[in-house]
Amino acid sequence: MPIAPILLASRGISGERDPSRLKTGDLSSGYNVDFSAGYLVQKAGGSTKINTTAISSSPSIVTGTEWVPSSGTFRRVIVTSDGRIIKDDMSGAFATTLKSGLTASNNPVIIAGGNEVAGNNRKLFIYTGNNAVQVLSADGATTSNITTPHGDWSGANQPSFGFPFRNSILSAGNLNEPHRLYASQVTDHENLTGAGSFTILAYPGESQRIVAGIASISRAFFWKYPWGVYWVNDTDTATANWFVQPATHQFGAAPTPHAVTQVDQGTVAFVTNGGDI
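Model, not experiment: these values are computed from the prediction.

(A) Representation of the pattern of salt bridges within the structure. In the structure shown here, the tally under the stated rule is 8 salt bridges. With a shortest N-O distance of 2.9 Å, Lys87 and Asp139 are connected by a salt bridge. Residue Lys87 is found in strand β5 (residues 85-88), and its partner Asp139 is found in the loop between β9 (134-137) and β10 (144-145); the two are separated by 52 residues along the sequence. Using a relative accessible area of 7% as the deciding quantity, one classes Lys87 as buried. Classification of Asp139 by relative accessible area gives partly exposed; the value is 32%. For Arg219, the salt bridge identified is with Asp234, shortest N-O distance 3.0 Å. Here Arg219 is found in strand β16 (residues 219-225), whereas its partner Asp234 is found in the loop between β17 (229-233) and β18 (243-248), with 15 residues between them in sequence.

(B) Broad picture of the sheet that holds strand β14 (residues 198-201). Taken in spatial order, the 4 strands make up an open sheet running β11-β12-β13-β14, and their pairing is antiparallel. Here the strands that pair on one side only, and so sit at the sheet edges, are β11 (161-165) and β14. Each strand axis lies, on average, 25° off the axis of its neighbour in the sheet, ignoring direction. Two strands pair when backbone bridges link them, and β11 and strand β12 (residues 168-172) are joined in this way by 5 bridges, in the antiparallel orientation. When the sheet's bridge partners are listed, Gly162 is paired in β12 with Ser171.

(C) Inspection of the packing of aromatic side chains at higher detail. By the definition in use, this model includes 8 aromatic pairs. Here the aromatic rings of Trp223 and Phe270 are separated by 5.3 Å at their centres, their planes lie at 55°, and the arrangement is tilted. You can see Trp223 sitting in strand β16 and its partner Phe270 sitting in strand β20 (residues 267-270), a full 47 residues away along the chain. On the basis of relative accessible area, Trp223 is assigned to the buried category, the value being 3%. Three or more aromatic residues joined by ring pairs make a cluster, and in this case those are Phe165, Phe198 and Trp242.

(D) Structural context of the pairing of β17. Most of β17 is tucked away: 5 of the 5 residues are buried. Alternating positions in β17 separate into two faces, Val229, Trp231 and Asn233 on one and Tyr230 and Val232 on the other, with burial throughout. Across 3 bridges, β16 lies against β17 in antiparallel orientation. Within the sheet, the bridge partner assigned to Phe222 lies in β17 and is Tyr230. Counting the residues that bridge the hairpin from β16 to β17 gives 3 residues, and of these Gly228 lies at a positive phi of roughly 120°. Direction of pairing for β17 relative to β18: antiparallel, over a ladder of 5 bridges. Bridge assignment links Val229 to a residue of β18, and that residue is Thr248.

(E) Spatial organisation of unusual backbone geometry. Of note, the amide linkage connecting Tyr225 to Pro226 takes the cis form, showing an omega dihedral of 0°. By the element assignment, Pro226 lies in the loop between β16 and β17. One non-glycine residue with positive phi stands out, namely Asn115, at about 55°. On the secondary structure map, Asn115 appears in the loop between β7 (109-114) and β8 (122-127). Within the chain, Ala138 stands out as a residue other than glycine whose phi angle is a positive 55°. Residue class for Ala138 comes out buried when judged on its relative accessible area of 17%.

(F) The sheet that holds β5, seen in detail. Pairing is antiparallel across the open sheet formed by 4 strands, whose spatial order is β3-β4-β5-β6. Of all the strands in the sheet, the pair left with one neighbour each is β3 (61-70) and β6 (96-99). Pairwise comparison of adjacent strand axes, ignoring direction, gives a mean angle of 30° for this sheet.

Conventions used here
Residues numbered from 1 in each chain as written. Predicted model: local features only at pLDDT ≥ 70, side-chain atom pairs only at ≥ 80, totals over all residues. Heavy atoms only, no water. Salt bridge = Lys/Arg side-chain N within 4 Å of Asp/Glu carboxyl O. Helix = DSSP H or I, 4+ residues; strand = E, 2+ residues; numbered from the N terminus. Buried < 20%, exposed > 50% of the residue type's maximum accessible area, 1.4 Å probe, protein only. Pairing = 2+ DSSP bridges. Axes fitted to C-alpha atoms, helices over the stretch in contact; angles between N-to-C directions. Phe/Tyr/Trp six-rings, centres within 6.5 Å; stacked < 30°, edge-to-face > 60°.

Structure representation (structure tokens):
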């Protein structure tokens, strides 16, 4: 990549607030400036096309992830607007249709799990909010419905997102129980009914429904729409004694699981119900 040398702040960054005290070569402020290459600015390469041929039927890609089913094996997995889950072997061919016939209109979410004990496969969990949670085991050629879902998850009442927490997976978002969190077994992330799995009811009289969640700074946080941010108090060693505490009622999240993201080690950003960040 060609690099054009530009003299930039040869005197370094200055903390002077009075413009009259700044001298030639002082840098008063900078954004995305890298000083490691000798005061040069370098443009990033931009996006690169992965596949040269469009996916059959030319659907929109509604979500996707890179997947490492085993050490040294890399894959891409996408969900398309026409209800398919497709896997790519990093060649760009996207030749393996893992599932078809889904309803993928609710901003699908993909998370990694499995490998709970020695010998268990790594797994991808794909949430659509309309269909049974899909599970890709290791580098399989198809996905399957989650093996032991909670009894609340039936028909179109399916969770819309999940996230790992305390070696379990917490899920939520099914419309028939919009204020409830579901925790899988620690030893089997596909089991939502066996010993060790549990649910937590989260202030059902407040707001409309749970729409997003994340594990950050050693806590499980979740958001309701249109208002309400909460966290799981897990200080007790017994999960039966865990409970939900409100963090704020000033605002909530936009009605999508993708409204929340981890920015850095100690910062979580989210889009509020009013569109602010």
